[in-house]
Amino acid sequence: KAALYNRQAGTRAAAHATNADAVKAYEAALHALAQLPPTRETAEESIDIRLELIPALLQLGRLDELVSMAREAETRARDIGDDRRLGRVYAHLVNYYYLRGQPAAAIAYGHRYVDVVRPTGDLALQGLGRQYIGQSHHLRGEYAAAEEALRTNLALDPDQHATCYIASCSWLAWTLAERGDFE
């Protein structure tokens, strides 16, 4: 019950952008969960709590803790063979490495992310991965690779995947401009 209560408290705190309180509550939930016998259910819940904790850590600028939580979630998701959760972890790691100015690592995790989510058939998730890959190639000055990743997202339906479509169009325009391609 302590894990559930603290997780709910963390969710409420995060919803009100009281991130420090959210972190405390989620950490308390993880501590309570660690007292239970290890099962697939507790492993799944511990991954989910970590995934809920990561945005609060990001907003507080606590990036070292963020990557630690993400790596723990990655290991647990791999251990139980849960690709859906592993994909969510990879999305956070792509963003982490992108924000840290480590585009090579962002590209590597972006490819892992796309590979893991491809079997789901979820075009929005695949598009997000390609968007991060394209942005990261752009940052490295690898404009041909950026164009390839971003141009693929132009096949997305802008009515269903507006954010990813628009971001990809913006980054593609910038990439083409860097190459002097104004046609």
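Structure: above.
Because the structure is predicted, anything quoted here is derived from the model rather than measured. For every chain, the first residue of the written sequence is number 1, and numbering continues from 1 onward in sequence order. Where local features are concerned, this predicted model is filtered to residues with pLDDT of at least 70; where side-chain atom pairs are given and counted, the filter is 80 or more; whole-chain, interface and lining totals use all residues. In computing side-chain values, all of the structure's heavy atoms are included and hydrogens and water are not.

Caption draft 1: A look at the packing of aromatic side chains. Whether two aromatic rings pair depends on their centres lying within 6.5 Å, for rings of Phe, Tyr and Trp, where Trp uses its six-membered ring; planes under 30 degrees apart make the pair stacked, over 60 edge-to-face, and the rest tilted. Under the defined criterion, the tally for this structure stands at five aromatic pairs. Here Trp-171 and Trp-174 contribute two aromatic rings whose centre-to-centre distance is 4.9 Å and whose plane-to-plane angle is 40°, an arrangement assigned as tilted. Highlighted residues: Trp-171 and Trp-174, both in helix 9 (residues 162–178), separated by three residues, approximately one helical turn. Three exposure classes are used, based on accessible area relative to the maximum for each residue type with a 1.4 Å probe and protein chains only: buried under 20%, partly exposed in between, and exposed over 50%. Judged by relative accessible area, which is 14%, Trp-171 ranks as buried. Through a chain of ring-to-ring contacts, three or more aromatic side chains come together here, namely Tyr-90, Tyr-96, Tyr-97 and Tyr-109. Two conditions define a charge sitting above a ring: the NZ of Lys or the CZ of Arg must be within 6 Å of the ring centre, and it must be within 35 degrees of the ring normal. Residue placement shows Arg-112 over the ring face of Tyr-109; its charged tip is 4.4 Å from the ring centre. What counts as a helix is a DSSP run of H or I of at least four residues, what counts as a strand is a run of E of at least two, and both are numbered from the N terminus.

Caption draft 2: Molecular detail of the environment of Leu-30. Tracing the backbone through its elements, the reader meets Leu-30 in helix 2 (residues 19–34). For Leu-30, a relative accessible area of 11% corresponds to the buried category. When the C-alpha atoms of Leu-30 and Asn-6 are compared, they prove to be 8.6 Å apart, with 24 residues separating the residues in sequence.

Caption draft 3: Fine view of the pattern of salt bridges. A pairing counts as a salt bridge when a side-chain nitrogen of Lys or Arg comes within 4 Å of a carboxyl oxygen of Asp or Glu. Across all of its chains, the model carries 14 salt bridges by this definition. Among the salt bridges present, the one from Arg-85 reaches Glu-44, with a minimum N-O distance of 4.0 Å. A residue pair is termed long-range when its members are at least 10 positions apart, and Arg-85 in helix 5 (residues 83–99) and Glu-44 in helix 3 (residues 40–59) qualify at 41 residues. With its nearest N and O atoms 3.2 Å apart, the salt bridge here joins Asp-115 to Arg-118. Looking at Arg-118, the relative accessible area reads 45%, which means it is partly exposed. Residues participating in the shared-partner salt-bridge network are Arg-40, Glu-44, Asp-48, Asp-82, Arg-85 and Arg-88.

Caption draft 4: Local environment of the packing of helix 7 (residues 123–139) against helix 8 (residues 143–152). Taken N-terminus to C-terminus, the directions of helix 7 and helix 8 make an angle of 160°; their axes are 8 Å apart at the nearest point. One way to sum up the angle between helix 7 and helix 8 is to call them roughly antiparallel. Between helix 7 and helix 8 lies a crossing of left-handed hand. Contacts between helix 7 and helix 8 pair Arg-130, Gln-131, Ile-133, Gly-134, Gln-135, His-137 and His-138 from the former with Tyr-143, Ala-145, Ala-146, Ala-149, Leu-150 and Thr-152 from the latter. To obtain an axis, a line is fitted to C-alpha atoms, over the contacting stretch when the element is a helix, and the angle between two such axes runs from 0 to 180 degrees between their N-to-C directions. What sets the label is the angle itself: under 35 degrees gives roughly parallel, over 145 gives roughly antiparallel, 65 to 115 gives roughly perpendicular, and the rest give oblique. By the definition used in this description, the sense in which the near helix is turned from the far one sets the handedness, with an anticlockwise turn below a right angle giving left-handed and a clockwise turn giving right-handed. It only takes one pair of heavy atoms within 4.5 Å for two residues to be counted as in contact.

Caption draft 5: Region of the structure containing the layout of surface pockets. In this analysis the probe radius is 1.4 Å and the grid spacing 1 Å, with only protein atoms considered; a cavity is a set of points the probe fits into but cannot get out of, a pocket is an open set with protein on both sides within 12 Å along at least five of seven lines, and lining residues have an atom within 4 Å of a point. Grid points are joined across faces, edges and corners, and a volume is the space filled by probe spheres set on the points. Taken as a whole, the largest pocket spans an internal volume of roughly 190 Å³. Lining the largest pocket are 13 residues; nearest its centre among them are Leu-33, Ala-34, Thr-42, Ser-46 and Arg-76. Only helix 2, helix 3 and helix 4 (63–80) provide two or more residues apiece to the lining of the largest pocket. If you tally residues by element for the lining of the largest pocket, the top one is helix 3, at four residues. Three residue categories are used. Nonpolar comprises Ala, Val, Leu, Ile, Met, Phe, Trp, Tyr, Cys and Pro, charged comprises Asp, Glu, Lys and Arg, and polar comprises the others, including Gly. In the lining of the largest pocket, the residues fall into seven nonpolar, three polar and three charged.

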